[in-house]
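What follows is the residue order along each chain.
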Amino acid sequence: MNIKQPLRVVVAKPGLDGHDRGAKIIARAFRDAGMEVIYTGIFQTAEMITRTVIEEDADVLGLSILSGAHLHFAEEICRALREQAVKDVLVVMGGILPPPDIPKVKAFGVSEVFGPGTPTSKIVDYVRTWQAAR
Amino acid sequence: MGRDDEEREATKPTEPQSRGEASPDRDTWERTTLAASLKKLPKRKEAFTTLSGLPVDDLYTAADVNSSDPAKLIGFPGEYPFTRGVHPTMHRARPWTIRQVAGFGTAEDTNGRYKYLLAHGETGLSTDFDLPTLLGYDSDHPVGMPEIGKIGVAVDTIDDVRLLMADIPLDQVSTSYTINASAFALIGMYEVVCKEQGVAAEKITGTCQNDILKEYTAQNEYIYPPAEAVRLVVDTMEYAAKTMPRYNPVSVSGYHIRDAGATAVQELAFTLAAGHCYVTEAVKRGLSADFVAPRISFFWNIQNDFFEEICKLRASRRLWARMMRDWVGTKDPRSWMMRAHSQTSGVSLTAQQPDNNIARTAIQALAAILGGTQSLHTNSKDEAFQIPSEGAIKIAVRTQQILALENRVADVVDPLGGSYYVENLTNRLEEEAEALIRQILDRGGMVASIEDGFIQRHIADSAAAFQRDLETQKEFMVGMNIHIDPEEALPFEPFELDPGLAERQIKRTQGIRRSRAQAETTSALKEIKQAATGSDNVMPAVVRAIKAQATVGEMCDVLREVFGTYRGPIVY
């Protein structure tokens with residue numbers, strides 16, 4: 001296939017955290033970069049997010065967590081994706097993470113963590129590089 | 001920058017810029033002295049604006065303070081329209097309250113942090129609750145379990161509040177609770193615990209945030225549909241005014257709106273419009289506006305534009321006074337006073353080079369003080385990546401103490417009053433905010449403007465614009481998008497939560513459910529439902545249920561049955 005489909009990106013906010021400025025900013029940035037964006041809104045469970053990834057046939061899942069529950073949700077969501085045999089979906093995460101937690105969420109299956117102050121262009125580039133190597 | 005100034009200095013004697021006499025007016029100055037200077041050294045950028053995007057001129061003069069009688073517009077402190085402060089003496093009589101928000105883990109954990117803060121000179125308390133508590137889920141509810149005690153303290157029953165306030169002299173230290181959707185429960189619990197400590201009802205002081213409208217637009221911790229949630233707020237206002245006349249049942253909050261991306265003008269408008277909504281809804285219920293308005297307080301976000309933030313506080317006082325006196329028709333001067341807590345801006349902090357946050361916070365704190373705040377929270381340098389460590393929060397408290405004791409900035413009331421720029425910018429912020437408030441009222445008010453996403457759209461657009469400006473380096477955050485240290489090693493004092501806290505909390509709550517007099521709890525919960533279904537104030541039944549050890553989750557569930565739940569429009 002020579003025709004390149006636009007990347008499909010699900011941006012999700014797991015748990016009870018309402019801080020959605022970052023999620024909205026990154027959803028806009030992906031959209032402006034020509035990707036198809038599905039923003040789930042707040043209050044998402046791991047199950048809801050996994051279902052959205054499957055139903056939307058997503059290539060990328062972006063998780064935004066500022067509630068300190070990143071370890072729990074990274075593990076739960078990555079496991080749910082594996083259990084549903086969702087393969088080849090890039091999982092990236094943004095939010096407020098203490099530096100020692102970053103290797104831990106990566107061990108669960110998150111490819112990259114983008115902390116406060118990351119330019120959206122850097123995140124878009126990361127996703128594009130992943131796409132090119134796919 | 002320094003080098004250019006040196007070069008400019010060196011050319012001075014041979015090329016005099018001044019005409020050797022004073023310009024008779026601004027036009028002359030612009031044509032002669034200014035024009036000559038600009039020819040040699042143009043402005044460093046084409047257009048200057050405030051952080052909110054209001055244009056900023058080269059210079060302000062008396063002609064820019066637009067009023068036939070500026071003194072009348074500015075007035076005196078302690079008098080309408082309170083531009084210069086709500087009290088005649090301001091910080092000369094009593095310094096602002098150092099009120100650091102704290103909350104994590106269980107009640108015992110947060111009580112320990114309170115004591116640490118008080119031991120280091122904090123003068124008021126403020127509490128953050130965890131997400132399950134904010135959203136009315138008990139700690140053993142599966143939805144809440146991963147988040148117990150993470151971003152605030154877990155409270156399920158009155159026993160938790162007893163432990164939270166243990167050994168705190170509630171007759172001497174006022175406490176603020178940052179809780180909204182389930183605020184009715186925490187207001188009741190606070191009242192009960194104060195009385196248990198022997199504080200007479202008329203002596204109970206403190207504040208609850210209880211500003212549900214900004215949850216739908218900024219913070220997103222809501223449960224019920226907006227109209228029903230506002231009804232609950234009015235219930236608490238009425239109840240507090242009757243039973244705890246010195247308690248502030250609502251702290252209308254611009255803080256979250258601003259951190260979500262709003263400009264200073266939007267923060268002003270959406271916050272004052274929310275305050276106006278609560279007062280007018282109370283009036284619709286048949287309460288006198290003067291019965292509820294005096295106990296409404298406010299909470300502002302102090303961002304990086306030093307002058308704009310000072311002017312924002314001044315403008316908020318004058319506009320609120322006018323809205324309450326002229327729009328609502330209140331007669332009691334206390335109804336006109338915009339009393340405020342302020343917090344330095346969380347989103348202005350950088351995770352990069354976090355020590356720089358100490359400087360940012362100190363300057364923002366100075367703006368809050370010069371703007372006339374009544375209490376202040378200074379952020380800790382590590383808040384861009386964790387709950388503050390003890391070392392970091394101590395620096396934040398010390399910052400306020402240095403301002404209070406060393407810098408003499410609190411010795412004159414409204415020291416920047418009369419500055420042409422400050423008065424001009426105060427006027428413009430007031431005008432812009434008023435126009436936006438009128439727009440909201442014209443389109444049906446706050447609830448309608450939340451339901452159709454009008455306010456959320458404003459905030460999302462401003463957040464996106466600022467992000468674009470950061471990425472194109474029109475705006476700067478030092479250490480983050482300029483002056484970056486590529487090999488930065490993070491100096492890091494970790495904050496660790498007790499891994500056993502969730503288990504401790506769940507055990508306590510489940511123990512209470514087993515041991516309480518269930519018939520009394522059930523009957524009180526039914527009474528809440530009855531009141532909510534009709535038009536009775538829910539608070540007397542809520543207090544009865546609290547005494548019967550009903551949980552926050554149980555009380556919120558009863559109201560879920562009556563009011564339903566709500567999901568707002570997704571706007572980005």
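Computed from a predicted model, the values in this text were never measured in an experiment. (Residues numbered from 1 in each chain as written. Chains lettered and ligands numbered in written order. Predicted model: local features only at pLDDT ≥ 70, side-chain atom pairs only at ≥ 80, totals over all residues.)

K.L.:
Help me understand the overall build of chain B, please; the structure alone is not making it clear to me.
P.N.:
Counting secondary structure elements, chain B contains 22 helices and nine strands. With respect to the three principal axes, the spread of C-alpha positions in chain B is 95 × 60 × 45 Å. A total of 572 residues make up chain B; the buried ones form 51% of that total. Excluding contacts between residues fewer than 6 apart, the proportion of contacts in chain B whose partners are at least 24 apart in sequence is 76%. (Helix = DSSP H or I, 4+ residues; strand = E, 2+ residues; numbered from the N terminus. Buried ≥ 20, exposed ≤ 12 C-beta atoms within 10 Å, placed from the backbone. Contact = placed C-beta atoms within 7 Å.)

K.L.:
I would appreciate a short explanation of the overall build of chain A in the present structure.
P.N.:
Along the backbone of chain A there are five helices and five strands. If you list the helices and strands of chain A from N to C, you get β-α-β-α-β-α-β-α-β-α. Its C-alpha atoms give chain A a radius of gyration of 14 Å, within 12% of the compact-globule value 14 Å for 134 residues. For chain A, the C-alpha atoms occupy an extent of roughly 40 × 35 × 25 Å along the three principal directions. Here chain A holds 134 residues, and 49% of them are scored as buried. Sequence separation of at least 24 residues holds for 75% of the intrachain contacts in chain A that already meet a minimum separation of 6. (Rg over C-alpha atoms; globule rule 2.2 N^0.38 Å.)

K.L.:
Would you take a moment to explain helix 16 (residues 420-442) of chain B for this structure?
P.N.:
Side chains that are three or four residues apart share a direction in an α-helix, a result of its 3.6 residues per turn. Between its first and last C-alpha, helix 16 of chain B extends 33 Å over 23 residues, near the 33 Å set by a 1.5 Å rise per residue. A positive phi of about 105 degrees marks Gly444 of chain B, the residue just after helix 16 of chain B. (Expected span 1.5 Å × (residues − 1).)

K.L.:
I keep staring at the interface of chain B and chain A and nothing clicks. Help me out?
P.N.:
Interfaces are often described in size by the accessible area the parts lose on coming together. Contacts between the two partners involve 32 residues from chain B and, on the opposite side, 29 residues from chain A. Counting only elements with at least two residues in the side of chain B that touches chain A, the list comes to helix 5 (131-134) and helix 18 (454-471) of chain B. Looking at which element gives the most residues to the side of chain B that touches chain A, the answer is helix 18 of chain B, with five residues. Considered class by class, the residues forming the side of chain B that touches chain A number 20 nonpolar, eight polar and four charged. (Nonpolar A, V, L, I, M, F, W, Y, C, P; charged D, E, K, R; others polar.)

K.L.:
In this structure, what is going on with the sheet that holds strand 9 (residues 375-377) of chain B? I would like to understand it.
P.N.:
Residue and element names in this part refer to chain B. If you trace the nine strands from one edge of the open sheet to the other, you get 5-4-3-2-1-9-8-7-6, paired in parallel fashion. In this open sheet, the two edge strands, each paired with only one partner strand, are strand 5 (247-248) and strand 6 (250-253). In this structure, strand 1 (residues 97-102) lies alongside strand 9, joined through two bridges in parallel fashion. Residue Thr97 lies in a different strand from strand 9, and its bridge partner there is Ser375. Here helix 14 (residues 356-370) sits on the sheet and contacts strand 7 (296-302), strand 8 (340-344) and strand 9; the angle it forms with strand 8, its principal contact strand, is near 160 degrees. (Pairing = 2+ DSSP bridges. Axes fitted to C-alpha atoms, helices over the stretch in contact; angles between N-to-C directions.)

K.L.:
Looking at this structure, I do not really get the sheet that holds strand 2 (residues 36-39) of chain A. What am I missing?
P.N.:
Sheets are built from strands that pair by backbone hydrogen bonding, the pairs being arranged parallel or antiparallel. All names here are of chain A. On the basis of which strands lie adjacent, the open sheet formed by five strands has the order 2-1-3-4-5 and parallel pairing. Only two strands of the sheet have a single neighbouring strand rather than two, namely strand 2 and strand 5 (112-114). With strand direction ignored, the average angle separating the axes of adjacent strands in the sheet is 20 degrees. As defined by bridge partners, strand 1 (residues 8-12) adjoins strand 3 (residues 60-65) across four bridges and the pair is classed as parallel. Bridge assignment links Ala12 to a residue of strand 3, and that residue is Leu63.

K.L.:
Would you take a moment to explain the packing of helix 20 (residues 518-533) of chain B against helix 22 (residues 552-563) of chain B for this structure?
P.N.:
In a pair of packed helices, the angle between the axes and the distance between the axes together describe the arrangement. Residues and elements named next belong to chain B. For the pair helix 20 and helix 22, interaxial distance at closest approach is 9 Å and the crossing angle is 35 degrees. The crossing of helix 20 and helix 22 is right-handed. On the side of helix 20, the interface is formed by Leu525, Ile528, Lys529, Ala532 and Thr533, while helix 22 contributes Glu554, Met555, Val558, Leu559, Glu561, Val562 and Phe563. (Left-handed = near helix turned anticlockwise from the far one by under 90°.)

K.L.:
What am I meant to see in the environment of Val192 of chain B here?
P.N.:
Examined against the element boundaries, Val192 of chain B turns out to sit in helix 7 (residues 183-196). Considering only alpha carbons, one finds Val192 of chain B and Ile158 of chain B, 34 residues apart in sequence, at a separation of 8.2 Å.

K.L.:
Would you mind showing me how to read the pairing of strand 1 of chain A here?
P.N.:
Regular strands place their side chains on alternate faces of the sheet. Residues and elements named next belong to chain A. Among the five residues in strand 1, four count as buried, and that is most of the element. Pairing geometry for strand 1 and strand 2, over four bridges, is parallel. Opposite Val11, over in strand 2, you have Tyr39 as the bridge partner. Handedness of the β-α-β unit built from strand 1, helix 1 (residues 21-32) and strand 2 comes out right-handed. (Right-handed = clockwise from strand over helix to strand, strands pointing away.)

K.L.:
Where do I start with the nonpolar core in this structure?
P.N.:
Among soluble globular proteins, nonpolar side chains are generally buried collectively. Residue and element names in this part refer to chain B. Core analysis: the biggest nonpolar cluster contains 186 residues, and Leu186, Tyr278, Ala433, Ile528, Val542 and Met555 have the highest contact counts within it. Among the elements that line this core, the one with the most residues is helix 11 (residues 264-284), at twelve residues. The contact partners of Leu186, leaving out residues within four places of it in the chain, are Val155, Tyr177, Ile179 and Cys208. (Core = buried A, V, L, I, M, F, W, Y, C linked by C-beta atoms within 7 Å.)

K.L.:
Would you take a moment to explain the packing of helix 20 of chain B against helix 21 (residues 539-547) of chain B for this structure?
P.N.:
All names here are of chain B. One can describe the packing of helix 20 onto helix 21 by two numbers: an axis separation of 8 Å at closest approach and a directional angle of 165 degrees. The angle between helix 20 and helix 21 places the two elements in the roughly antiparallel class. Here helix 20 runs over helix 21; the crossing is left-handed. Facing helix 20, whose interface residues are Thr521, Ala524, Leu525, Glu527, Ile528 and Ala531, helix 21 presents Ala541, Val542, Arg544 and Ala545. Among the residues making up the contact of helix 20 with helix 21, the classes are represented as seven nonpolar, one polar and two charged. (Parallel < 35°, antiparallel > 145°, perpendicular 65-115°, else oblique.)

K.L.:
For this particular structure, what's the right way to read the environment of Ser389 of chain B?
P.N.:
Residue and element names in this part refer to chain B. The residue Ser389 is located in the loop between strand 9 and helix 15 (390-405) in this model. A residue is classified by how many C-beta atoms lie within 10 Å of it, and Ser389, with 17 of them, is partly exposed. Note: C-alpha distance between Ser389 and Thr330 (59 residues apart in sequence) is 45 Å. Residue contacts for Ser389: discarding those within four places in its chain leaves Asp382, Glu493, Pro494 and Phe495.

K.L.:
Where do I start with unusual backbone geometry in this structure?
P.N.:
Most peptide bonds take the trans configuration, and most residues that are not glycine carry a negative phi. Each neighbour pair has its own omega, and for Tyr80 of chain B with Pro81 of chain B the value is 0 degrees, a cis peptide bond. Mapped onto the elements, Pro81 of chain B comes out in the loop between helix 3 (70-74) and strand 1. Even without being glycine, Ala85 of chain A reaches a positive phi, approximately 55 degrees. The exposure class of Ala85 of chain A is exposed, given the 7 C-beta atoms found within 10 Å.

K.L.:
How should I be thinking about the confidence of the model for chain B in this particular structure?
P.N.:
As a general rule, the predicted coordinates of low-pLDDT regions are not to be interpreted in detail. Across chain B, the average pLDDT comes to 94, with 95% of residues at or above 70. Reported confidences for the modelled complex are a pTM of 0.95 and an ipTM of 0.93. (pLDDT = per-residue confidence, 0-100.)

K.L.:
Just checking my understanding: could you explain helix 15 of chain B for this structure?
P.N.:
Residues and elements named next belong to chain B. Given a rise of 1.5 Å per residue, 16 residues ought to cover 22 Å, and the 22 Å separating the end C-alpha atoms of helix 15 matches this to within 8%. The set of residues buried in helix 15 consists of Ala392, Ile393, Ala396, Val397, Thr399, Gln400, Leu403 and Ala404. Projection of helix 15 onto a plane perpendicular to its axis shows the buried side chains occupying an angular sector of 140 degrees, all on one side. Across from the buried face of helix 15, at angles greater than 90 degrees, the exposed residues are Gly391, Ile402 and Leu405. Where helix 15 is buried, its residues touch strand 1, helix 4 (107-119), helix 14 and strand 9. (Arc of directions from axis to C-beta.)

K.L.:
Would you mind showing me how to read the pairing of strand 2 (residues 124-128) of chain B here?
P.N.:
Residues and elements named next belong to chain B. Burial runs high along strand 2: four of the five residues are buried. Pairing between strand 1 and strand 2: four bridges, direction parallel. Looking at strand 2, one finds that Arg99 is bridged to Gly124. Once the chain exits strand 1 it traverses helix 4 before rejoining the sheet at strand 2, and the crossover so formed is right-handed. Relative to strand 3 (residues 175-178), strand 2 runs parallel, the two being bridged by four bridges.

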